[in-house]
Amino acid sequence: MIVARGMGVRRGGRWLLRPVTFGVPEGVVGLAGPPGAGKSTLLATFATLRRPNAGALHILGHDITNAAGQRAARAGIGYLPARFSRAENMTAGEFVAYAAYYKRMSTSAARSMVRRLDLTEAAGTELALLPPEVRLRAGLAAACVHEPELVLLDDPFGELCAAAEPWPTGLEGPGRLTLTAAMAELIPVLRSLAPTVVVTADATETLTGWCDRLFTLTRGKLTEQPTHSAAARRGRSAADRRGVRGPQTALEPQAADAISRRRPGRPAPPRVALPQVSLPQLTLPQLTRVRAGRPPAGSATGV
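Residues numbered from 1 in each chain as written. Predicted model: local features only at pLDDT ≥ 70, side-chain atom pairs only at ≥ 80, totals over all residues. Heavy atoms only, no water.

Visitor: I tried to follow the overall build of the protein chain on my own but got confused; where do I start?
Guide: In terms of helices and strands, the protein chain carries 11 helices and 10 strands. Scored against the burial criterion, the 303 residues of the protein chain give a buried share of 54%. (Helix = DSSP H or I, 4+ residues; strand = E, 2+ residues; numbered from the N terminus. Buried < 20%, exposed > 50% of the residue type's maximum accessible area, 1.4 Å probe, protein only.)

Here is the structure:
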């Protein structure tokens, strides 16, 4: 789905990602790193909102360094920035309907996605008035209304973590229990959105235990970490690969404990076989409201 060859990303005169070769096949891929490390910029590069400063990048088999490749790749990408505050005065239903219009999808596709993400009761409520987990579902519905092949989510759990922070976070603290329950419901939803989902977070622990692959980005270096995920060990389920919502499952103990410490048609794009590429800079063993991603041109919502 994502193939980078010697790709490097710079901002403000420094390398956010030093030139590296890697490939991202199907599955859920986590990208963690401290604030300012460049996660949002890297995700925007995957979303074709900017070009890499070095090397080549292919998304869904298309070279995004040229305009034709960008247009073809964007048809199969769903992108949700960390914050979409410009849409807070829209209702959840209006937000998804506008995204469907922007993606040239029918109103029936918008209604279908509202039902799929369990937003029927919240469809008439403004986004600003919705709880963080419901607002996130609305964002996911808008980003995926066109059923993309690749979904990019910039710190989707950040607002949830921030909302839970004022509560006690002990073993029986209501903040921890509420956050863990919300994530237990949302993680299967994220896994069912598309064949490939890339998620960022500030803390590695937020992504540990449920991502198929996990990377950290620190000082321009991309490093693979162990996921401790049972799903990663046995592979994604058939329901995941078909994009069908799977059963609601509880978080694994490692992820649940770590969350408490965290702040929070159109023809389908061609599938290509990912080459076996070397990972010279990757080692074994070992994606609240933060910086808003730049919205695509012509969009008021950033979807």
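Visitor: Is there a simple way to explain the nonpolar core in this structure?
Guide: One broad trend across soluble globular proteins is that nonpolar side chains are buried collectively. Counting 48 residues, the largest nonpolar core has Leu140, Leu153, Phe157, Leu193 and Trp210 as the members making the most contacts within it. Elements supplying a minimum of two residues to this core: strand S3 (27-32), helix H3 (92-102), helix H4 (107-116), helix H5 (132-143), strand S7 (150-153), helix H6 (158-164), helix H7 (174-191) and strand S8 (196-201). With residues near it in sequence (within four places) discarded, Leu193 still touches Arg116, Leu140, Cys144, Pro148, Val151 and Leu153. (Core = buried A, V, L, I, M, F, W, Y, C linked by side-chain atoms within 4.5 Å. Contact = heavy atoms within 4.5 Å.)

Visitor: I tried to follow the pattern of salt bridges on my own but got confused; where do I start?
Guide: All told, the structure shown has 5 salt bridges when counted by the stated rule. The closest approach of N and O atoms between Asp118 and Arg137, which form a salt bridge, is 3.8 Å. Of the two residues, Asp118 is situated in the loop between H4 and H5 and Arg137 in helix H5; the sequence distance between them amounts to 19 residues. Note on Asp118: relative accessible area 48%, which makes it partly exposed. Looking at Arg137, the relative accessible area reads 8%, which means it is buried. Two residues, Arg191 and Asp212, come together in a salt bridge whose shortest N-O distance is 3.2 Å. With a gap of 21 residues between them, Arg191 in helix H7 and Asp212 in the loop between helix H8 (204-207) and strand S9 (213-218) connect regions that are remote in the sequence. Accessibility classification places Arg191 together with Asp212 in one group, the buried group. (Salt bridge = Lys/Arg side-chain N within 4 Å of Asp/Glu carboxyl O.)

Visitor: Can you help me understand H5 in this one?
Guide: In an α-helix, one turn spans 3.6 residues; hence positions three or four apart end up facing the same way. Over its 12 residues, H5 runs 16 Å from end to end, which matches the ideal 16 Å to within 8%, given 1.5 Å per residue. With 11 of 12 residues buried, H5 is to be regarded as a mostly interior element. When we look at burial in H5, the residues that qualify are Pro132, Val134, Arg135, Leu136, Arg137, Ala138, Gly139, Leu140, Ala141, Ala142 and Ala143. (Expected span 1.5 Å × (residues − 1).)

Visitor: Even after reading the chapter, I still don't get the pairing of S7, so can you show me in this structure?
Guide: Side chains Leu150 and Leu152 project from S7 onto one buried face, and the interleaved Val151 and Leu153 project onto a second face that is buried too. Pairing geometry for S7 and S8, over 4 bridges, is parallel. Directly across from Leu153, in S8, lies its bridge partner Val199. (Pairing = 2+ DSSP bridges.)

Visitor: Can you walk me through the packing of aromatic side chains in this structure?
Guide: Within a pair of aromatic rings, the relevant descriptors are the distance that separates the centres and the angle that separates the planes. Applying the stated criterion across every chain yields a total of 2 aromatic pairs. Note on Phe22 and Phe46: the rings are 6.4 Å apart at their centroids and 70° apart in plane angle, and the pair reads as edge-to-face. With Phe22 in strand S2 (residues 14-24) and Phe46 in helix H1 (residues 39-46), this pair connects stretches of sequence that are 24 residues apart. Of the two residues, Phe22 and Phe46, neither departs from the other in class, the shared state being buried. (Phe/Tyr/Trp six-rings, centres within 6.5 Å; stacked < 30°, edge-to-face > 60°.)

Visitor: Explanation requested: the pairing of S3 in the structure shown.
Guide: Regular strands have side chains that alternate between both faces of the sheet. Burial of S3 is extensive: 6 of the 6 residues sit out of reach of the surface. Both faces of S3 are covered, namely the face carrying Gly27, Val29 and Leu31 and the face carrying Val28, Gly30 and Ala32. Strand direction decides the pairing type here: S3 and S8, joined by 6 bridges, are parallel. If you follow Gly30 over to S8, its bridge partner there is Val199. Two elements, S3 and S9, share 4 bridges in a ladder whose sense is parallel. Bridge assignment links Val29 to a residue of S9, and that residue is Arg213.

Visitor: Got a minute to help me understand the sheet that holds S2 in this structure?
Guide: The strands making up a sheet are joined through hydrogen bonds of the backbone, oriented either antiparallel or parallel. Read across the sheet, 4 strands follow the order S2-S1-S4-S5 without closing on themselves; strand pairing throughout is antiparallel. Each of the sheet's edge strands pairs with one partner strand only, and the pair in question is S2 and strand S5 (62-63). Here strand S1 (residues 2-11) runs beside strand S4 (residues 54-59); their pairing, made up of 5 bridges, is antiparallel. Following the sheet pairing, Ala4 is matched in S4 by Leu57.

Interpretation note: all reported values are geometric properties and have no functional meaning in isolation.
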